[in-house]
Amino acid sequence: MTALGAVFRPQLAPERLRSVAELADATGLEELWLWEDCFREGGISTAAAALAWTERVRVGVGLLPVPLRNVAIAAMEAATLHRMFPGRPILAVGHGVQDWMGQVGARAESPVTLLREHLDALRALLRGERLTVQGRYVKLDDVALDWPPAEPVPVLAGVTGPRSLRLAGEAADGTLLTASTSPEVLRRARQLIDEGRESAGRAGTGAEPHPVVVYLLTATGPDGAARLKAELAAEGLGSVPDLGVAGDAGAVAKAVQRLADAGADTVVLQPTGDEPDPEGFVRFVAEEVRPLVP
């Protein structure tokens, strides 16, 4: 079965989160995803609140920009969430938007090197290992978590470019793809991820699966097509084919299935930034789209 989720976009004020999270939980939605976009809302703080307000929905953060986070702090926060809410947090890390990283003085000369070092150290710390590392960016001296997660937890990489997709296959436990990913682009991304897994000896019989999560820009309601078109144009993606979907539950389910057929394990429906009814969007995903997605 293809897992289905929805995004609570940080264009909404933080105080709006509780009603959306509680509704996601009550309607049986599998996953609610949050963003750490500069300079809106913190990913860990909103995830902790959403997890505390709910009982069963999984809460994803897609993504934590690694230039902003010392890996030890990232590991401490991830471990804390996983110990308090076992099996429910989903954390993805990535390069971050480079212009934003520059605004805060955190832009790395080699984002790929930084992400590799961060992934390697973060996953090791969450396994309970004690690390001494002298990398280009990640430097740790005899660091271990007092409270590592009780069970193994996956760390996803949110990436787009070919080098980073191969890196995700080599060094992450899964991959998160943006809403600019068409089915054709997703197939190519899967190929690059698999190349990375193969080069790192992480493919073949007995290997752990590498789930791929992809956002799908979605608009419903009488003005859905216009809102979708406007957002794609604002993002410079208006001429790119097969991006986003506008329409009723049947149209959305078909778009989800196209991504699933291209290699997505989870499709997260991303409302437009001007979605007029966030609670209604979550209810639409859980109660109307979910029954149509195998």
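Our subject is the structure that appears above.
What you are looking at is a predicted structure, and each value in this text was computed from that prediction instead of being measured.

Conventions we followed
- Residues numbered from 1 in each chain as written.
- Predicted model: local features only at pLDDT ≥ 70, side-chain atom pairs only at ≥ 80, totals over all residues.
- Heavy atoms only, no water.
- 1 Å grid on protein atoms, 1.4 Å probe; cavity = no way out; pocket = protein on both sides within 12 Å on 5 of 7 lines; lining within 4 Å.
- Points joined across faces, edges and corners; volume = space filled by probe spheres on them.
- Helix = DSSP H or I, 4+ residues; strand = E, 2+ residues; numbered from the N terminus.
- Nonpolar A, V, L, I, M, F, W, Y, C, P; charged D, E, K, R; others polar.
- Axes fitted to C-alpha atoms, helices over the stretch in contact; angles between N-to-C directions.
- Parallel < 35°, antiparallel > 145°, perpendicular 65-115°, else oblique.
- Contact = heavy atoms within 4.5 Å.

Draft legend 1. Quick peek at the layout of surface pockets. Taken as a whole, the largest pocket holds about 910 Å³ of empty space. What lines the largest pocket is a set of 32 residues, among which W35, D37, V97, T178 and A179 lie closest to the centre. Secondary-structure elements contributing two or more residues to the lining of the largest pocket are β3 (58–65), α4 (98–103), β8 (174–177), β9 (212–219) and α8 (224–234). The element best represented in the lining of the largest pocket is β3, accounting for 3 residues. In the lining of the largest pocket, the residues fall into 15 nonpolar, 11 polar and 6 charged. Reported here for the second largest pocket is a volume of approximately 210 Å³. Every residue lining the second largest pocket is listed: R123, P154, A172, D173, R197, R202, A207, E208, P209, H210 and P211.

Draft legend 2. Local environment of the packing of helix α9 (residues 249–262) against helix α10 (residues 278–289). Running from N to C, α9 and α10 point in directions that differ by 80 degrees, and their axes come no closer than 10 Å. Taken together, the axes of α9 and α10 are roughly perpendicular relative to one another. The segment α9 lies against α10, with A249, V252 and A253 engaging F284, E288 and V289. Of the residues belonging to the contact of α9 with α10, the class tally is 5 nonpolar, no polar and 1 charged.

Draft legend 3. Spotlight on empty space enclosed by the protein. Taken as a whole, this structure holds 1 cavity of 30 Å³ or more when the rule is applied. Roughly 30 Å³ of internal volume is contained in the largest cavity. As for the largest cavity, its lining consists of A78, H82, L91, L122, L126, V153, P154 and V155. Elements that contribute at least two residues to the lining of the largest cavity include exactly α3 (71–84) and α5 (111–126). Broken down by class, the residue content of the lining of the largest cavity amounts to 7 nonpolar, 1 polar and no charged.

Nothing here speaks to function; it is geometry throughout.
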